[in-house]
Amino acid sequence: MSDFDIRYCAIRRALIEREFSRLNDMQQKAVFKTEGPLLLLAGAGSGKTTVLINRIINLLRFGSGYESEYAPENAGEEELKKLAYALNDMDSLDDPEIEALCAVDPPKPYEIIAITFTNKAAGELKDRLETACGAAANDIWAHTFHSACTRILRRDIHRLGFSKNFTIYDDDDRKKMLTTVVKDMGYDTKRYDVKYIASEISRAKDNLITPEEYAADVGDDFYKKVVSRVYDAYQRELLSANALDFDDIIFKTVQLLQTCGEVREYYQRKFKYVLVDEYQDTNHAQYVLCSLLAGGYENLCVVGDDDQSIYKFRGATIENILEFEKQYPAAVTIRLEQNYRSTSNILSAANSVISNNSSRKGKTLWTENGVGDEVYIYVGETQEEEGLFIAKTILEGVAKGEKLKDFTILYRSHALSNNIEQSLKRENIPYRIVAGLRFFDRAEVKDMLAYLWVVNNPSDTVRLARIINTPARKIGDRTVELMRAAAEREGISPFEAACRCDSIPELARHSAALSAFTDMINDIRSKLDTLPLPELYDLLLQNSGYLSYLQGQGREGKMRLENVMELKSTIMEYCERNEEPTLNGFLEEISLITDVDRYDQEADAVTMMTMHSAKGLEFDTVFICGAEEGVFPSYRSMDSEAELEEERRICYVAMTRAKRRLYITSAKRRLLYGQTMYGKLSRFAEEIDPSFVKRHVPRIPSHTAERAPTKKKTVESPRASVGFDAFASRPASIDFSRGEIIDHKAFGVGKILNVTPMGGDLLLEISFEGAGVKMMMAKTASKYITKL
DNA sequence: GCTGGACATTTTTTT
DNA sequence: AATGTCCAGC
């Protein structure tokens, strides 16, 4: 290292630093550390995505320029002068020459892969990269685990005996196929729970255990022996259907990379930089996949937060993040602990809860945001009171001018949403529930998709079974059974057997029905390359008889038809987005999409979802409801310390979603699953340091007055029961009508623009001469208002 | 094949 | 309580 190198690098660093000066020190450190394994422990709201994006931008523009200790070989005093001059000139780095002087081996966009868990995260990454670096962003591999793997598999899966138009089975399809497999093997599905077998197989695949390896390890366990045989048969069945389930998508990619040196080397040479988001949620297979992909250069950057690992039950292993440093001794760890999202009260409350967990890397979030309101803990008598409290709080907020979409209600399980929903309904508050019945789960949508899958891949037996007699076309179970048997005997697919029904004796009798069906499918197939997808879809809808089938279903059918047409819009949208739309491509995309991806953050309505679905999102005001022992934490987790810790992490995730206000609500009595449960306030609420909390305990109704604990609490917290009078009924509000001129104590003279009935109250929209337009609820505001 | 009633099931579920 | 699943009987 010469003196020149030292001077050159110093200026280069200063220049690069200036480009990222909007980031805090730790974020910058993470952005500039481009080479070698890097573990980024990114707390909630610490600007994780921003760091990922900037890290990629830094790579593309400057490569390892920041870290490098050498000046470029062809650089001399002349170039150094240019850099020095640029340092004084604010816009200089737009100059490609200067940028080039700062860059050291910048990778091409296609040499970078960023892996996320959700489509949403991948989409956000893509969008923001495109904004930042334009068209080049399209060549960066920003994918979910599954879509990245699918892309890899489409290229080379023939080496594993599948063909590249393979089908993807979701959990439902998997269960169906497993059920037939189990039954075919002569097992009683009552004695052998298909769901259990499915999860056992799934777990095996998560851990990269093949059927052979599984079989070798069952020992004398009879049940496991059965699982082992089913696993083996199931995999063979998938192979002949040319189908992969979700777990296989990862598993087969790992197998491909492990067994096929040529493919492995191709990707290891290709991907100079590998970035993985939400690393705490990776399972063993995904961990191996990451190491394989990064195996060439070992420039592996994983981002995660051990405190936000909430998918253990799906096979995620927190060890991946806890032991990253062991796996890569050269790894550098950087903590991002400054939170930009929440008030310090919310953050401190969340910190005090999570600090009760023992297995963590340790990390304390802090913020420069203001203190904000205390975390509000509400204990109602019943779940109705709880729901009413939430509804009233939202109405009050709306009256102050807040938007409905600023409010989010989170719960541990879907079962809790019901009573909240009723309260919101009663108060006429618009809401949306994320999850519930998913669009792609609707029967009619699944039917049409199944048709498309079969057109794409006639070997797809599960989807074939779904539609072969829907609508009814005289191909009953008996015929389907004969078809399957014939196919087995001849070593062809059931669809193939149906095509040849004339030459197969036992099928000949049904040849009219079978041929009509196969001709219809084959006809559509023959048009695959010529007809645009939306038209193909229309033709299929028509020729399959599904259209008239729906039309014959009256009002119900009309709604179903709408859904079927919405699917067409999805197809058209896909076609517009892609230069070379293919049926295969569309199906692939759709099978990897979930409901949270369709959730529209813009619509103005209160959002309700599980705490799990809320991960990665943020909201102004958050209600965590059902905060009772037995509900949250769930009674099922209460006898295991490890599971309790996972529940606590869920709580941490939920709490840190809130930007400005956090309410934790509970009910002493709750009707759940047809039973009344009596639960104490959740331990998580109790764990919050009282200095960040404001408690509300409602007035003690006479019939519960003898209960000691209630009394004690009232004595303990003098601040209790101050402030919130959601249930005190006020005399009916004064009548207000549009156009009236009023005088408000605080805002002065104003004109009523709008009056909207809401929750037994009126929402007033008033334009004040001095204070602009305000929204307020009539009941609350009437105290301050006099009519003029 | 469709329908009704019995019967079980009810934590979370990025793909 | 509510909803899905399964099977018997038409």
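Here the structure is a predicted model, which means the values were calculated and not measured.

A. Spatial organisation of helix α19 (residues 417-426). All buried positions along α19 are accounted for by Ser417, Asn419, Ile420, Glu421, Ser423 and Leu424. Tucked inside the fold, the buried residues of α19 contact α18 (383-399), β12 (407-411), β13 (431-433), β14 (606-610) and β16 (658-672).

B. Geometry of the nonpolar core. Ranked by size, the top nonpolar core spans 119 residues in total, and within it Leu293, Leu449, Phe517 and Phe586 carry the most contacts. By residue number, the principal contributor to this core is helix α20 (residues 443-456), which donates nine residues. Contacts of Leu293, omitting those with residues within four sequence positions, involve Ile113, Ile115, Ile152, Leu257, Tyr267, Gln268, Phe271 and Val274.

C. Spatial organisation of the confidence of the model for chain A. Looking at chain A, pLDDT values average 86 and 91% of them are 70 or higher. Contacts of residues 700-733 to residues separated by more than four positions or lying in other chains number 38 contacts, the stretch itself having pLDDT below 50.

D. Focus on the packing of aromatic side chains. The full count for this structure, using the stated rule, is 25 aromatic pairs. With a centroid separation of 6.4 Å and an interplanar angle of 25 degrees, the aromatic rings of Phe407 and Phe623 are classed as stacked. Within this pair, whereas Phe407 is found in strand β12, its partner Phe623 is found in strand β15 (residues 619-624), the two being separated by 216 residues in sequence. Ring-pair connections join several aromatic residues into one group, and the members of that group are Tyr376, Tyr378, Phe389, Phe407, Phe623 and Tyr663. Positioned above the aromatic ring of Tyr66, the side-chain terminus of Arg13 is 5.8 Å from the ring centre. The aromatic ring of Trp141 is capped on one face by Arg151, whose charged end is 4.0 Å from the ring centroid.

E. Structural context of the pairing of strand β1 (residues 38-42). Along β1, five of the five residues are buried, which leaves the element largely enclosed by surrounding structure. In β1, alternate side chains face the same way, and those of Leu38, Leu40 and Ala42 on one face and Leu39 and Leu41 on the other are all buried. With five bridges joining them, β1 and strand β8 (residues 332-336) adopt parallel strand pairing. Each residue of the ladder has a partner; that of Leu41, found in β8, is Arg335. For β1 and strand β7 (residues 300-304), the ladder comprises four bridges, and the chain directions are parallel. Within the sheet, the bridge partner assigned to Leu39 lies in β7 and is Val302.

Criteria and thresholds
Residues numbered from 1 in each chain as written. Chains lettered and ligands numbered in written order. Predicted model: local features only at pLDDT ≥ 70, side-chain atom pairs only at ≥ 80, totals over all residues. Heavy atoms only, no water. Buried < 20%, exposed > 50% of the residue type's maximum accessible area, 1.4 Å probe, protein only. Helix = DSSP H or I, 4+ residues; strand = E, 2+ residues; numbered from the N terminus. Contact = heavy atoms within 4.5 Å. Core = buried A, V, L, I, M, F, W, Y, C linked by side-chain atoms within 4.5 Å. pLDDT = per-residue confidence, 0-100. Phe/Tyr/Trp six-rings, centres within 6.5 Å; stacked < 30°, edge-to-face > 60°. Lys NZ or Arg CZ within 6 Å of the ring centre and 35° of its normal. Pairing = 2+ DSSP bridges.

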